Amino acid sequence: MESDERYMWMALDLARKGWGKTSPNPMVGAVLVKDGEVVGTGYHHRAGEPHAEVIALKEAGEKARGATLYTNLEPCSHFGRTPPCTDALIGARIRKVVMATYDPNPLVSGNGVAKLKQAGIKVKNGVLEDKAKRLNEVFFKYITTGTPFVVAKAAMTLDGKIATSTGKSRWITSEKSRKFVHRLRSMCDGIMVGINTVLKDDPLLNARLDTEGGHNPIRIIVDSRGRLPLDAAVVKTARQFGTVLATTALAPEGKLSSLRSRGVEVLVLPDKEDKVDLHALMQALGQQEISILLVEGGGTLNYSLLEQNLIDKLYYFVAPLLFGGKDAPTPLEGMGIGEPHKSWVVENLEIKQLERDLLIIGYPVRREEVVHRSGGRTGRSIEQATFL
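Summary of the structure given here.

Calculation criteria
Residues numbered from 1 in each chain as written. Predicted model: local features only at pLDDT ≥ 70, side-chain atom pairs only at ≥ 80, totals over all residues. Heavy atoms only, no water. Pairing = 2+ DSSP bridges. Helix = DSSP H or I, 4+ residues; strand = E, 2+ residues; numbered from the N terminus. Axes fitted to C-alpha atoms, helices over the stretch in contact; angles between N-to-C directions. Contact = heavy atoms within 4.5 Å. Core = buried A, V, L, I, M, F, W, Y, C linked by side-chain atoms within 4.5 Å. Buried < 20%, exposed > 50% of the residue type's maximum accessible area, 1.4 Å probe, protein only. Salt bridge = Lys/Arg side-chain N within 4 Å of Asp/Glu carboxyl O.

1. Concerning the sheet that holds strand 5 (residues 122–124)
Item 1. Read across the open sheet, the five strands follow the order 2-1-3-4-5; overall the sheet is mixed. Looking along the sheet, the strands with just one partner apiece sit at the ends: strand 2 (37–43) and strand 5. Between one strand axis and the next, the sheet turns through 15° on average, direction left out of account.
Item 2. As paired elements, strand 1 (residues 29–34) and strand 3 (residues 68–71) share four bridges and run antiparallel to each other. Note on strand 3: the bridge partner recorded for Val31 is Tyr70.

2. Regarding the sheet that holds strand 6 (residues 149–157)
Item 1. One open sheet holds the nine strands; their spatial order is 10-9-8-7-13-6-14-16-15, and the pairing between them is mixed. Among the strands making up the open sheet, the edge pair consists of strand 10 (265–268) and strand 15 (344–354). Ignoring which end each strand starts from, the neighbouring axes of this sheet average 25° apart.
Item 2. Bridge analysis of strand 15 against strand 16 (residues 357–366) gives nine bridges, and the strand direction is antiparallel. Following the sheet pairing, Val346 is matched in strand 16 by Pro364.
Item 3. Helix 11 (residues 253–261) contacts strand 9 (243–247) and strand 10 of the sheet and is inclined by roughly 145° relative to strand 10.

3. Digging into the nonpolar core
Item 1. Ile221 and Leu228 are the most contacted members of the largest nonpolar core, which totals 33 residues.
Item 2. Beyond its immediate chain neighbours, meaning those up to four positions away, Leu228 contacts Ile195, Val198, Ile221, Asp223, Val234, Val235, Leu245, Lys255 and Leu259.
Item 3. Residues Leu278, Ala284, Leu293 and Tyr303 belong to the second largest nonpolar core, which totals 31 residues.

4. Some thoughts on the pattern of salt bridges
Side-chain pairs of opposite charge can arise where the charged atoms are in close proximity.
Item 1. Going through the model one piece at a time under the given rule, you end up with 15 salt bridges.
Item 2. Note that Arg185 and Glu296 form a salt bridge whose closest N and O atoms lie 2.9 Å from each other. Note that Arg185 is positioned in helix 7 (residues 175–186) and Glu296 in the loop between strand 13 (292–295) and helix 13 (299–307), a separation of 111 residues in sequence. Assigned by exposure class, Arg185 and Glu296 land together as buried.
Item 3. The network of salt bridges with common partners includes Arg134, Glu137 and Lys313.

Without other data, these values stay purely geometric and don't point to any function.
If you want it as structure tokens, here you go:
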């Protein structure tokens, strides 16, 4: 392995330590190398705290002079929550920057490189670029669109049921899978369900981890008519964990006032066919700096999101159980498609085993888009997806 790639892998491994903590910022790692020796390392811990490059420079001290910096993202050149990293790098008189990819943030993209070059610092770009972009897929989506990266999670039986025909679903998956889900929740800014899930299960929707310090996502309830009960668990704990009701003008104002008085934030959004406009909802959540959104909804909400191309990634748990029942609910309901060639293809698959269950991770894409990209060929290479 070339030395540039070796040190970039180190930077990527450091960056991953920020999983679920840096939002809405990206995960960034930095490695300073001088005369073949690592003299400083760092990673971004959370928004508002020092960036990876600054931490690495502090560790290196005087050894940073003449060193090469390896980082998975272009150093920032603007004042945000912290001062520009480019100024710190120039002040430390480093010799070269090797980076994986440009920062997609319009305030930074290319400007950081230009500033470094103007100061006489050499810059090399594109080392492990694909890996770096996958690592920060959430940030790349959020910073370029202003809307969250949407992860849809479902737990189903081998015959594709998320509950029995009587609505019972506890428990389909193993304890290890359920612990994984709580860890996944802790890495997300928000968790969203539809009102039917609340009425049926009355979930708490928090992250229950074995260790202290877990992050609880904001709970978002999609409910166009304001049916959310005042005694629901997400209402009773609204001030503790945060709850947002996404509704429309169809909801009674008196009910909305009662929910607000209990600490629920109410978003009154446009409606489409008497349902919450999901595109408007994504814009509103993005404005609240929710960069990654976990959806644990039922088949109706899941299909609505998929149909409108609002799901970026899937986490599907499959347990070796068989429920049967033509009326038993499935992860995707709604209208469905009429022709197989109009289906979605799940790309870049990763499959894990958690006790008895399989976890399938992938990215849904319309089949015609896959065919168009491949020039009529439907075969796709399978790559490892980033573990979230």
